[in-house]
Amino acid sequence: MDRFPSWETRGRFLAGAVAAGLITFVAILNGGRVPVLRSVDLVIHEVGHLVTAFLPEVWSAMAGSIAQLMVPAAIAVYFFFRGRDLVGGGLALAWVGAGLADIGAQISDAPYEQLRPLFPGARHDWAFILGPDGFQALDLAMSLGESLATASILVAGAAVAVCLLGPLVSFNGRDSRVPVVPAPVATPVPEPDPQRPPHEPVPAVTTESMNGSRYLTEMGLVRVPTRRRSRR
């Protein structure tokens, strides 16, 4: 069997690497806002706020950004370990990198609040979290934002590397989407037990047994099936 995957599988890994690189490029160019993923991130972000509405206001404000990272991270884990799909996991990892870039840009903008809010009149989450009503750490906004921006580049680079190196490291060169079927195991034949008595021999047909069967038949205790003759 060929140890390396087919050209179709290699092309799939290459297409995944190009898509992950494109997500990374657009995220860096637009401050983490990828057009298609941005709409999905917005829904996840708001759901994070709604689910944690019972928590203190500062933690509920942070929950939106946390959910924005946890959902694509969970998808990546599923593809890597359950779905055994490196391309799907790499694309989800690129999505995590885009989310890190987006949150980093929001944190860096917290002291200035120049980014356009998602909704008219909406509150700037990280300006509130790091502001006087939160952790009172607006002076750390730039360093935190730059750290997340660096982390986003590293995660996105890992996503591209996973897709590019996938054919070399994915499950001994097999297609990562195809499960490995174990070889059938031969069932051992049990050895005869010398202490076990042999099978009883089949009794031979004797004159006595034939006479006994005829007697039972004549008495009506045993019915002998007869073959019907076809009428012509």
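This section reports on the structure supplied with the text. Residue indices follow the written sequence of each chain, beginning from 1 at its first position. A pLDDT threshold of at least 70 governs which residues receive local features in this predicted model, and a stricter bar of 80 or more applies before side-chain atom pairs are shown or counted, although totals over entire chains, interfaces and linings include all residues. Side-chain numbers come from the whole structure's heavy atoms, not from hydrogens or water.

What about the overall build of the chain?
Next, step 1: Secondary structure follows DSSP: runs of H or I at least 4 residues long count as helices, runs of E at least 2 residues long count as strands, and numbering of each begins at the N terminus. A count of helices and strands for the chain gives seven helices and zero strands.
Next, step 2: Its helices and strands in sequence order give the chain the pattern α-α-α-α-α-α-α, from N to C terminus.
Next, step 3: Of the contacts formed within the chain by residues at least 6 apart in sequence, a portion of 68% connects residues at least 24 apart.
Next, step 4: All accessible-area figures derive from a Shrake-Rupley calculation using a 1.4 Å probe, and residue coverage is judged against the displayed protein chains alone. Accessible surface, the chain as shown: approximately 16,500 Å² in total, 65% of it carbon and sulfur. In this analysis, two residues are considered to be in contact whenever any of their non-hydrogen atoms come within 4.5 Å of each other.

Some details on the environment of Val 40
Next, step 1: Among the secondary structure elements, Val 40 is positioned in helix H2 (residues 35–51).
Next, step 2: In the structure, Val 40 is positioned 28 residues away from Gln 68 in sequence and 9.0 Å away in space, judged by C-alpha atoms.

A closer look at the side chain of Asp 125
Next, step 1: Within the fold, Asp 125 resides in helix H5 (residues 125–130).
Next, step 2: Once you skip the residues sitting within four places of it in the chain, Asp 125 turns out to touch His 45, His 49 and Ala 61.

Focus: the packing of aromatic side chains
Next, step 1: Centre distance within 6.5 Å is the pairing criterion for rings of Phe, Tyr and Trp, where only the six-membered ring of Trp is used; planes under 30 degrees apart are then read as stacked, over 60 as edge-to-face, and the remainder as tilted. Within this structure, the stated rule accounts for two aromatic pairs.
Next, step 2: Where Trp 59 meets Phe 135, the ring centres are 5.9 Å apart and the plane angle is 80°; that geometry is what we call edge-to-face. Of this pair, Trp 59 sits in helix H3 (residues 57–82) while Phe 135 sits in the loop between H5 and helix H6 (141–169); the two residues are 76 residues apart in sequence, bridging distant segments of the chain.
Next, step 3: Exposure is judged per residue with a 1.4 Å probe applied to protein chains only, and the accessible area is read against the type maximum: over 50% gives exposed, under 20% gives buried, and values in between give partly exposed. The exposure class assigned to Trp 59 is partly exposed, which follows from its relative accessible area of 47%.
Next, step 4: A residue is classified by how much of its surface remains accessible, and Phe 135, at 44% relative accessible area, is partly exposed.
Next, step 5: With centroids separated by 5.9 Å and ring planes inclined at 65°, the aromatic side chains of Tyr 78 and Phe 79 adopt a geometry described as edge-to-face.

What about the pattern of salt bridges?
Next, step 1: Basic side-chain nitrogens of Lys or Arg form a salt bridge, by our definition, when they fall within 4 Å of a carboxyl oxygen of Asp or Glu. Across all of its chains, the model carries three salt bridges by this definition.
Next, step 2: A salt bridge links Asp 85 to Arg 12; its shortest N-O distance comes to 2.7 Å. With Asp 85 in the loop between H3 and helix H4 (86–108) and Arg 12 in helix H1 (residues 7–29), this pair connects stretches of sequence that are 73 residues apart.
Next, step 3: The exposure class of Asp 85 is buried, given its relative accessible area of 11%.
Next, step 4: For Asp 102, the salt bridge identified is with Arg 38, shortest N-O distance 2.3 Å. Here Asp 102, found in helix H4, pairs with Arg 38, found in helix H2; they are 64 residues apart in sequence, far enough to count as distant.
Next, step 5: The class for Arg 38 is buried, based on a relative accessible area of 15%.

Remarks on H4
Next, step 1: The span you would expect from a helix comes to 1.5 Å times its residue count less one. Compared with an ideal rise of 1.5 Å per residue, which puts 23 residues at 33 Å, H4 spans 33 Å between its outermost C-alpha atoms and is within 8% of the ideal.
Next, step 2: A 3.5 Å cut-off defines polar contacts: any pair of N or O atoms within that distance qualifies, except that in protein one atom must be a possible hydrogen donor and the other a possible acceptor, and neighbouring residues in sequence count only when both atoms are side-chain atoms. Of the residues that open H4, the one with a side-chain oxygen 3.2 Å from the backbone nitrogen of Val 87 is Asp 85.

A closer look at a nonpolar patch on the surface
Next, step 1: A surface patch of nonpolar side chains, amounting to about 390 Å² of accessible area, comprises Leu 14, Val 18, Leu 164 and Leu 165.
Next, step 2: Going through the elements one at a time, H1 and H6 are the ones with two or more residues in the nonpolar patch.
Next, step 3: When you line up the elements, Leu 164 lands in helix H6. Patches were defined on residues exceeding 30% relative accessible area and lacking a salt bridge, with like-charge contacts within 9 Å and nonpolar side-chain contacts (Val, Leu, Ile, Met, Phe, Trp, Tyr) within 5 Å.

So, the nonpolar core
Next, step 1: Among buried residues, those of type Ala, Val, Leu, Ile, Met, Phe, Trp, Tyr and Cys that are joined through side-chain atoms within 4.5 Å constitute a nonpolar core. Ile 107, Ala 110, Trp 126, Ile 129, Leu 130 and Ala 141 are the most contacted members of the largest nonpolar core, which has 13 residues in total.
Next, step 2: Residue assignment for this core shows that the elements contributing at least two residues are H3, H4 and H5.
Next, step 3: Looking at this core element by element, the count peaks at five residues for H5.
Next, step 4: Among residues more than four places away in sequence, those in contact with Trp 126 are Ser 65, Ile 103, Gln 106, Ile 107, Ala 110 and Gly 131.
Next, step 5: Grouped together as the second largest cluster of nonpolar side chains are 12 residues, Ala 20, Leu 37, Ala 67 and Trp 95 included.

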